[in-house]
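Coordinate analysis (summary)
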Amino acid sequence: MEPTKEEMALTGDRTYQNLDAAPAYAELKNAARVSLKDVLNPDRVAACQVGTSAGLQYNYAAKPVSDHILDLLQQLSEQQELIPKYWDILSGETMNPGENRKVLHHLTRGQLAADVLHNERNLRDFYAEQQRRIAGFAEQVHAGTILGSTGKPFDTVVQVGIGGSDLGPRAMYLALDTLLQNDPAYAGGTRSGTTGGRKMRAEFISNVDPDDAVAVLSRIDPETTLFILVSKSGTTQETLTNEAFVIDALAKSPAQGLKPRKHMICVTSETSPLAASDEYLDSFFIDDFIGGRYSSTSAVGGALLSLAFGPDIFAEFLAGAAEADTAAIEPDIRKNAALLDALIGVYERNVLELPATAVLPYSQALSRFPAHLQQLDMESNGKQVNRDGEPVAYPTGPVIFGEPGTNGQHSFYQLLHQGTDIVPLQFIGFTGCQGATDLQFQSSTSQAKLNANMVAQIAAFALGQSDSNPNKNFPGERPSSLLFADKLTPKVLGALLAHYENKVMFQGLVWNLNSFDQEGVQLGKVLTKQVLGGADMHPALAAFAKLMEI
Ligand SMILES: O=P(O)(O)OC[C@H]1O[C@](O)(CO)[C@@H](O)[C@@H]1O
């Protein structure tokens, strides 16, 4: 596809500089601070909102930013060339310099920018081809033309993978499962019998703790279960161990004639050791340009979601992500939710010096979304050197944690309200729930109670409440944002996922990091091998190993 004139304007040389070299950063440090108690009013709630895509709205009324601060953040965006660098990512530049790789997860779902070629292969076509193959495979499984090795149809799918090969796909599956089972628009309405409704139940094995595999294996019928082995590298110890665990369990199944490998498909990169095997029922591919934590929209999420819900639902999810990617190219920060969210986060981290961010979905469907965001954000921007390997002299990625509301309220909100650290909060909410059943009790529904709790928390955190008893005093001035939509549909979920992927990307670019490698996970892997291999190791490590009887 040829680039348009506007797109051409984004091409050219870039300057990479640390955050503290950007003039707007110094000005931000000197800008007058905002008191939420002073500014929060109905007009601000109405005004401080950006539509992202697919009906998802980002409201930042309870964030401590003034027009002046937003103007400076706009300047910061321009000084760090965030939109042109995003364009470079979309265009297939080498934006993971540490590993000398392109960064192409956007290409798994979008049509932005020109085609990306690598070794004469058109990668847009490659990703699309894998998606088509997965769709065809899933349809055959659903139609019963592909059966288990004992002749029974598959009704359950188990994803075996860890990190990015587990967290995103698992969070996405859980987000849609209740909706796809219950909403007549998907399960019983016009789509019934075609592509709507949940097609297969999904389970997940990720931890090398044997109890994880044993628990899942005890809940499934081996004859009707299809396993998806997912490992981009094909070398991850936990995943290979769990593959062996599953194969062993299937081999011991009393079912006559069951062939374990014919109950397993593989998703990996073409260069991985797993790619060479022709023992799997089928294999689907990604490549090194799709980072694990960015792989939910590739074959890594595609195989699971297409099998569980059907290829059309996966396509809707991709369309939502593509819409968010398109919205993220807008240079005006007041009209670009992902960019604005990223820059306000930088303001909170670097100017207000706040060390953590809590993600608080008021939706049980998003129960594992904070866990996915932990990897996405902390593995991407938990770095102390810039993209050239030089130390940076400012804080980078915050600690991310979260739980669905209202459960979190009865757990860690005490610290959030009255602790000595201020933690910026990201609320996520929906007007409607995912299921078909709700109850009116004490004159409100459960969904109304849920959302009443959420908005009450936003106000309580921002406005606080004075009390002469210091123990009952709420200081307020605790910032939050709200991402919300009518319902968490497949399209909204895609937009939500891409919003965060793009937010993390923009923050990494502001901090001048390489957000796309993860060297920090290597040392632990090396030392684990030393322990298991009985190799020479640090005496303290040997002593700990002895404590644990390894
Ligand atoms: O898909 P793989 O190669 O098994 O990797 C799993 C995960 O391990 C990591 O490399 C971290 O150890 C993640 O970045 C990745 O998502």
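Just so it is clear, the structure is predicted and the values come from calculations on it, not from any experiment.

1. Concerning helix α2 (residues 23–30)
- Here α2 has its buried residues at Ala24, Tyr25 and Leu28. Seen from one end, α2 has its buried residues packed into an arc of 105 degrees, which puts them on one side.

2. Comments concerning the site of the ligand
- Near the ligand, the surroundings consist of 14 residues, among which Gly164, Ser165, Ser231, Ser233 and Thr236 are the closest.
- One of the backbone N or O atoms of glycine 164 is found 2.7 Å from an oxygen atom in the ligand.
- The contact in question runs from an oxygen atom of the ligand to an N or O atom on the side chain of lysine 525, over 2.9 Å.
- Contact with the protein chains removes 87% of the 390 Å² of surface that the ligand exposes when unbound.
- One can see that the ligand is located within the largest pocket.
- Looking at the shell around the ligand residue by residue, the class counts come to 2 nonpolar, 9 polar and 3 charged.

3. Regarding the packing of helix α12 (residues 311–327) against helix α17 (residues 490–510)
- Where α12 meets α17, the axes come as close as 6 Å, and the angle between the chain directions of the two elements is 40 degrees. With respect to their mutual orientation, α12 and α17 come out oblique. Both α12 and α17 take part in a crossing whose hand is right-handed. For the pair formed by α12 and α17, the contact residues are Ile313, Glu316, Phe317, Ala319, Gly320, Ala321, Glu323, Ala324 and Asp325 on the first element and Pro490, Lys491, Leu493, Gly494, Ala495, Leu497, Ala498, His499 and Asn502 on the second.

4. Re the sheet that holds strand β8 (residues 264–269)
- An order of β6-β5-β7-β8-β9 is seen for the 5 strands of this open sheet, with the pairing classed as parallel. Only two strands of the sheet have a single partner each, and these edge strands are β6 (201–205) and β9 (282–286). When strand polarity is set aside, the average angle formed by the axes of neighbouring strands in this sheet is 20 degrees.
- Of the strand pairs in this sheet, β8 and β9 are connected by 5 bridges, and their pairing is parallel. Looking across to β9, one finds that cysteine 266 is bridged to serine 283.

5. Here's the deal with the UniProt feature "active site" (unreviewed entry) in the protein
- Sequence positions flagged by UniProt for "active site" (unreviewed entry) are, in local numbering, Glu379, His410 and Lys525. Over a stretch of 147 residues, the named residues are scattered through the fold, their C-alpha atoms separated by up to 36.1 Å. Of the residues named above, Glu379 and Lys525 line the largest pocket.
- Relative to the helices and strands, glutamate 379 is located in helix α14 (residues 369–381).

6. Focus: empty space enclosed by the protein
- The tally for this structure, following the rule as stated, stands at 7 cavities of 30 Å³ or more.
- Taken as a whole, the largest cavity encloses approximately 110 Å³ of empty space.
- Looking at the largest cavity, it is lined by 17 residues, and the ones nearest its centre are Gly345, Glu348, Thr357, Lys503 and Gln507.
- Elements represented by at least two residues in the lining of the largest cavity include exactly α13 (337–351), β10 (356–362) and α17.
- For the lining of the largest cavity, the element with the most residues is α13, which contributes 5 residues.
- For the lining of the largest cavity, a count of residues per class yields 7 nonpolar, 4 polar and 6 charged.

7. Some points on the domain arrangement of the protein
- According to the domain assignment, the protein consists of domain 1 (29–66 + 336–516), domain 2 (125–316) and domain 3 (518–550).
- A C-alpha centroid distance of 32 Å is found between domain 1 and domain 2.
- Contact with domain 1, which involves 26 residues of that partner, is made by 21 residues of domain 2.
- Carbon and sulfur atoms make up 66% of the area that domain 1 and domain 2 hide from each other, which totals about 2000 Å².
- Per-residue buried area on domain 1 facing domain 2 is highest for Arg368, Gln375 and Pro490; these three make up 28% of the total on that side.
- At the surface where domain 1 touches domain 2, the tally comes to 1 salt bridge.
- With a closest N to O distance of 2.9 Å, glutamate 379 and arginine 293 form a salt bridge.
- There are 8 residue pairs in polar contact (both at pLDDT 80 or more) connecting domain 1 and domain 2.

Parameters at a glance
- Residues numbered from 1 in each chain as written.
- Predicted model: local features only at pLDDT ≥ 70, side-chain atom pairs only at ≥ 80, totals over all residues.
- Heavy atoms only, no water.
- Buried < 20%, exposed > 50% of the residue type's maximum accessible area, 1.4 Å probe, protein only.
- Helix = DSSP H or I, 4+ residues; strand = E, 2+ residues; numbered from the N terminus.
- Arc of directions from axis to C-beta.
- Near = heavy atom within 4 Å.
- Polar contact = N/O pair within 3.5 Å; in protein donor to acceptor, adjacent residues only side chain to side chain.
- Areas by Shrake-Rupley, 256 points an atom, 1.4 Å probe, with all protein chains shown as cover.
- 1 Å grid on protein atoms, 1.4 Å probe; cavity = no way out; pocket = protein on both sides within 12 Å on 5 of 7 lines; lining within 4 Å.
- Sits in = over half its atoms within 2 Å of the grid points.
- Nonpolar A, V, L, I, M, F, W, Y, C, P; charged D, E, K, R; others polar.
- Axes fitted to C-alpha atoms, helices over the stretch in contact; angles between N-to-C directions.
- Parallel < 35°, antiparallel > 145°, perpendicular 65-115°, else oblique.
- Left-handed = near helix turned anticlockwise from the far one by under 90°.
- Contact = heavy atoms within 4.5 Å.
- Pairing = 2+ DSSP bridges.
- UniProt positions renumbered as here; feature names shortened; annotations may be inferred.
- Points joined across faces, edges and corners; volume = space filled by probe spheres on them.
- Domains from an automatic or database assignment.
- Buried area = accessible area lost by both parts, 1.4 Å probe.
- Salt bridge = Lys/Arg side-chain N within 4 Å of Asp/Glu carboxyl O.

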